[in-house]
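# Residue-level structure breakdown
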Amino acid sequence: MSIIFLVANVYSQSDSLDIQIKSNKHKKYDNLVIVGIYAASIILNGVGDGLNNSNHKTAGHVVDALSIGMLVASPFLMDYDKKKWYWYLLTYTSLRIGLFDSTYNLTRRLPIGYTGTTSPTDKLYNFLGLDPAIPRPLFLGIGIVIPLTKL
């Protein structure tokens, strides 16, 4: 009888070890999922806004709704650490600076580095005389590195 208990005890300990290992792998996977969900949402939003401003309003609204849906679904697709909310915000903001304007420009069939006069980032680039080809990839990189190192 004690042999059966010992075997059962060893078996249950190995199960908890497997669960812990899977949990660590899942955490690394979640960091990539964060980048994927945020990037997909931002790209969809850029496409949606570009379509809206190109007189394709119905398609634009559908794509914008998909963008919002990605963010609403994100808590079901990954585990957020509420104590690190500021890293999630910084990740999203960095990815948005890196991806949104380029996606919008491509959707509108404008040059990828085009700077307009209405968005806050375009106004800043114009004010500073800065080519957006410099900060956009930099912020895209920051938006990818934060989840991999801080979350």
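Our structure is the block above this text.
What comes next concerns the included structure.

Definitions and cut-offs
Residues numbered from 1 in each chain as written. Predicted model: local features only at pLDDT ≥ 70, side-chain atom pairs only at ≥ 80, totals over all residues. Heavy atoms only, no water. Core = buried A, V, L, I, M, F, W, Y, C linked by side-chain atoms within 4.5 Å. Buried < 20%, exposed > 50% of the residue type's maximum accessible area, 1.4 Å probe, protein only. Helix = DSSP H or I, 4+ residues; strand = E, 2+ residues; numbered from the N terminus. Contact = heavy atoms within 4.5 Å. Expected span 1.5 Å × (residues − 1). Bend = angle between axes of the 7 residues up to and from the residue.

### A few points about the nonpolar core
In this structure, Ile-34, Ile-37, Tyr-38, Ile-42, Met-78 and Tyr-88 are the most contacted members of the largest nonpolar core, which totals 14 residues. Contributing elements (two or more residues each) for this core: α1 (2-52) and α3 (85-107). Met-78 has contacts with Asp-30, Val-33, Ile-34, Ile-37, Tyr-38 and Tyr-88, leaving out every residue within four places of it along the chain.

### With respect to α3
End to end, α3 covers 31 Å across 23 residues, agreeing with the expected 33 Å (1.5 Å per residue, within 8%). Helix geometry: α3 is bent most strongly at Arg-96, by close to 35 degrees. Taken from the residues just after α3, Arg-109 is the one with a positive phi, measuring 60 degrees.

### Observations regarding the environment of Val-47
Its location among the elements puts Val-47 in helix α1. Measuring from C-alpha to C-alpha, the distance between Val-47 and Asp-64 comes to 7.8 Å, with 17 residues separating the pair along the chain. When near neighbours in sequence (up to four residues on either side) are disregarded, Val-47 contacts Val-63, Thr-103 and Thr-107.

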